[in-house]
Amino acid sequence: MPKPLKILKTDNQKLSNSIINHNWSEILEFTDVNKATQYFISTLNNLKNQASAEISISSKTKKLKPWATTAIINSIRRRDRLHLQVKKHPLNLNLKDYYVKFRNTITKIIKNAKILYYKAEFIKSGNNTKLKWQNINNILAKNKKSNNLKELLNNCKYKNEYTNENLEYILAEKFNKYFINVATDLVTSLKNTTNFDNNSQNKVYFNKFDLITHTEIFEAISKLKNGSSPGLDKISADLLKNIV
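Residues numbered from 1 in each chain as written. Predicted model: local features only at pLDDT ≥ 70, side-chain atom pairs only at ≥ 80, totals over all residues. Heavy atoms only, no water.

An unreviewed UniProt entry lists the chain under the name B box-type domain-containing protein, with Aphis craccivora given as the organism.

Below, the structure is given as structure tokens:
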């Protein structure tokens, strides 16, 4: 029998109360922004763990595919059990014949279930081209994206700079350095062009940026996709939406 899936379920109300009641004044004592960020992430994850409890989800109730009904899932499991019996008793021709017929029947049922499901999804998508392409990618199984850090770094020019121990750190530093120097690099590149006039009265000052407001932060968080996986900091979009 397959073991039940164990997951952590967070009590959002308890987490919100913990965040409100937590003493955050310590974060103001840091002079290093990286250490302050690490402290914030670590504290937030600790509060989340304290507000979470482990629950078990039976594999029988877990939906494998959106088109798979409970009856189909049970039939698939029965097919697999029959397959094991056929392997154990290869000389039992009646059993083998029954298995083949059952397997072919469930294959047709699965095929029809997929057709009906995706047909309904295409109808629901209407004129939404994005949803139509999502359905096409689901059918073609093209939605699997690689998030393997080692694979990503192997494809970049910095692959000789990291080991397994500093893998995540190197990647984060490369991103940080790139975005920190965006404005400086842009100004430098403009100054090096022949069309850049240092005496122009219509200068654009790239070294000055407007401060980000709380409203802009809240709007950005509200636009995050629900159910998305967290990053290296283990802070998901759902968690951010629940605490702001």
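**A word on the overall build of the chain**
Looking only at helices and strands, the chain features 10 helices and 2 strands. Listing every helix and strand of the chain by position from the N terminus yields β-α-α-β-α-α-α-α-α-α-α-α. Going through the 244 residues of the chain one by one, you find that 17% of them count as buried. Considering only contacts in the chain between residues 6 or more positions apart, those separated by 24 or more positions represent 49%. In the structure as shown, the chain presents an accessible area of about 19,900 Å², 54% of it carried by carbon and sulfur atoms. (Helix = DSSP H or I, 4+ residues; strand = E, 2+ residues; numbered from the N terminus. Buried < 20%, exposed > 50% of the residue type's maximum accessible area, 1.4 Å probe, protein only. Contact = heavy atoms within 4.5 Å. Areas by Shrake-Rupley, 256 points an atom, 1.4 Å probe, with all protein chains shown as cover.)

**Some remarks on the packing of aromatic side chains**
Taken as a whole, this structure holds 4 aromatic pairs when the rule is applied. Their ring planes at 45° and their centres at 5.7 Å tell us that Trp24 and Phe40 sit as a pair that is tilted. Of this pair, Trp24 sits in the loop between α1 (12-21) and α2 (33-50) while Phe40 sits in helix α2, and the two are 16 residues apart along the sequence. Relative accessible area serves as the criterion here: at 22%, Trp24 is assigned to the partly exposed category. The interplanar angle of 75° and the centroid separation of 5.0 Å between the aromatic rings of Tyr117 and Tyr118 together place this pair among those described as edge-to-face. Residue classification places Tyr118 among the buried positions, given a relative accessible area of 13%. (Phe/Tyr/Trp six-rings, centres within 6.5 Å; stacked < 30°, edge-to-face > 60°.)

**Comments concerning helix α5 (residues 129-140)**
Between its first and last C-alpha, α5 extends 16 Å over 12 residues, near the 16 Å set by a 1.5 Å rise per residue. Two or three places before Lys130, at the opening of α5, Asn128 has a side-chain oxygen 3.1 Å from that residue's backbone nitrogen. (Expected span 1.5 Å × (residues − 1). Polar contact = N/O pair within 3.5 Å; in protein donor to acceptor, adjacent residues only side chain to side chain.)

**As for the nonpolar core**
Judged by nonpolar contacts, Trp67, Ala68, Ile72, Ile73, Ile76, Ile106, Ile110, Ala113 and Tyr118 together constitute the single largest core of 9 residues. Among the secondary structure elements, those contributing two or more residues to this core are α3 (70-88) and α4 (93-125). It is α4 that provides the largest number of residues to this core, a total of 4 residues. (Core = buried A, V, L, I, M, F, W, Y, C linked by side-chain atoms within 4.5 Å.)

**Side note on a nonpolar patch on the surface**
Together, Phe175, Tyr178, Phe179 and Val182 make up a nonpolar patch on the protein surface, roughly 450 Å² of accessible area in all. With respect to the element layout, Phe175 can be found in helix α7 (residues 167-180). Looking at Phe175, the relative accessible area reads 47%, which means it is partly exposed. (Patch = residues over 30% accessible without salt bridge, like charges linked within 9 Å, V, L, I, M, F, W, Y side chains within 5 Å. Salt bridge = Lys/Arg side-chain N within 4 Å of Asp/Glu carboxyl O.)

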